[in-house]
Amino acid sequence: MASEGADVDADVVTDVEKDDEKKGAGSSPDAVAAAKAAGPGGGETVRVDSWIWSVRLVKTRSMGATACRGGHVRVNGDRVKPAYAVRVGDEVRLRHAGRERVVVVKRVIRKRVGPSVAVECFVDNSPPPPPREAVAPAGIRDRGAGRPTKRDRRELERLRDLSRPQCGPDGS
């Protein structure tokens, strides 16, 4: 009988441990601890390409570095290289996937974290994305319509030119 009671207690303990693991997986204190563990030591900075990757603004770090090299990332209004050091309070502007993201750095982290933790690391001041109806694809032809005529091609080019943002005389 005593051995049966010990078996029941062991089963109860394992069930309680499993429930604790399930509850702890999504709790906010664990997420905050993960973000602190992912951050650098006291007063250190992080590369801008690494930071925009770790807070999930871009899919890969190499995409972040490519965006920096292409001039699509600005920190406090200045174009930056991938190795630029980001600090708390900096405003980061990223042009990616047809829209501009404007974020203010709230916490500097080095490692990629989950989406719920990543949102706590910046303040998003981005303009809302345009509605899907407003973004109509220009120049889509019906399947089987054949090769476009010269007139059709010129109309398509005119539509594409209208949908592109116009640059100023200084190129920006």
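Provided above is the structure to which this section pertains.
1. Re the pairing of strand S6 (residues 99-105)
Then comes step 1: Note: strand S5 (residues 91-96) against S6, 6 bridges, orientation antiparallel. Across the sheet, histidine 96 pairs through a bridge with arginine 99, a residue of S6.
Then comes step 2: The hairpin turn running from S5 into S6, its antiparallel successor, is 2 residues long, and alanine 97 in that turn takes a positive phi close to 55 degrees.
Then comes step 3: Bridging between S6 and strand S7 (residues 122-124) involves 3 bridges; their strand directions are antiparallel. The partner of valine 105 across the bridge, within S7, is phenylalanine 122.

2. Let's talk about the nonpolar core
Then comes step 1: One finds Val48, Trp51, Ile52, Val55, Leu57, Val73 and Val92 to be the most contacted residues of the largest nonpolar core, which totals 25 residues.
Then comes step 2: Put simply, the parts of the chain that give this core at least two residues each are helix H3 (48-54), helix H4 (61-69), strand S2 (73-75), S5, S6 and helix H5 (115-118).
Then comes step 3: Per element, the largest residue contribution to this core is 3 residues, and it comes from H3.

3. With respect to the sheet that holds S7
Then comes step 1: In space, the 5 strands of this open sheet follow the order S3-S2-S5-S6-S7, with antiparallel pairing throughout. Where the open sheet ends on each side, the last strands, each with one partner, are strand S3 (78-79) and S7.

4. Details of the pattern of salt bridges
Then comes step 1: Summed over all chains, the structure comprises 7 salt bridges.
Then comes step 2: Note that arginine 61 is salt-bridged to aspartate 49, the shortest N-O span being 3.5 Å. One end of the pair, arginine 61, is in helix H4; the other, aspartate 49, is in helix H3, and 12 residues separate them in sequence.
Then comes step 3: The class for arginine 61 is partly exposed, based on a relative accessible area of 38%.
Then comes step 4: The salt bridge involving glutamate 155 is made with arginine 151; its shortest N-O contact spans 3.8 Å. Of this pair, glutamate 155 and arginine 151 both sit in helix H6 (residues 150-163), 4 residues apart, which is roughly one turn of the helix.
Then comes step 5: Judged by its relative accessible area of 36%, glutamate 155 is partly exposed.
Then comes step 6: Taking relative accessible area as the criterion, arginine 151 reaches 64% and is therefore assigned exposed.
Then comes step 7: Residues joined by salt bridges that share partners form a network here, namely Arg47, Asp49 and Arg61.

Definitions and limits used
- Residues numbered from 1 in each chain as written.
- Predicted model: local features only at pLDDT ≥ 70, side-chain atom pairs only at ≥ 80, totals over all residues.
- Heavy atoms only, no water.
- Pairing = 2+ DSSP bridges.
- Helix = DSSP H or I, 4+ residues; strand = E, 2+ residues; numbered from the N terminus.
- Core = buried A, V, L, I, M, F, W, Y, C linked by side-chain atoms within 4.5 Å.
- Buried < 20%, exposed > 50% of the residue type's maximum accessible area, 1.4 Å probe, protein only.
- Salt bridge = Lys/Arg side-chain N within 4 Å of Asp/Glu carboxyl O.

So, to be careful, I would describe these as geometric facts and stop short of saying anything about function.
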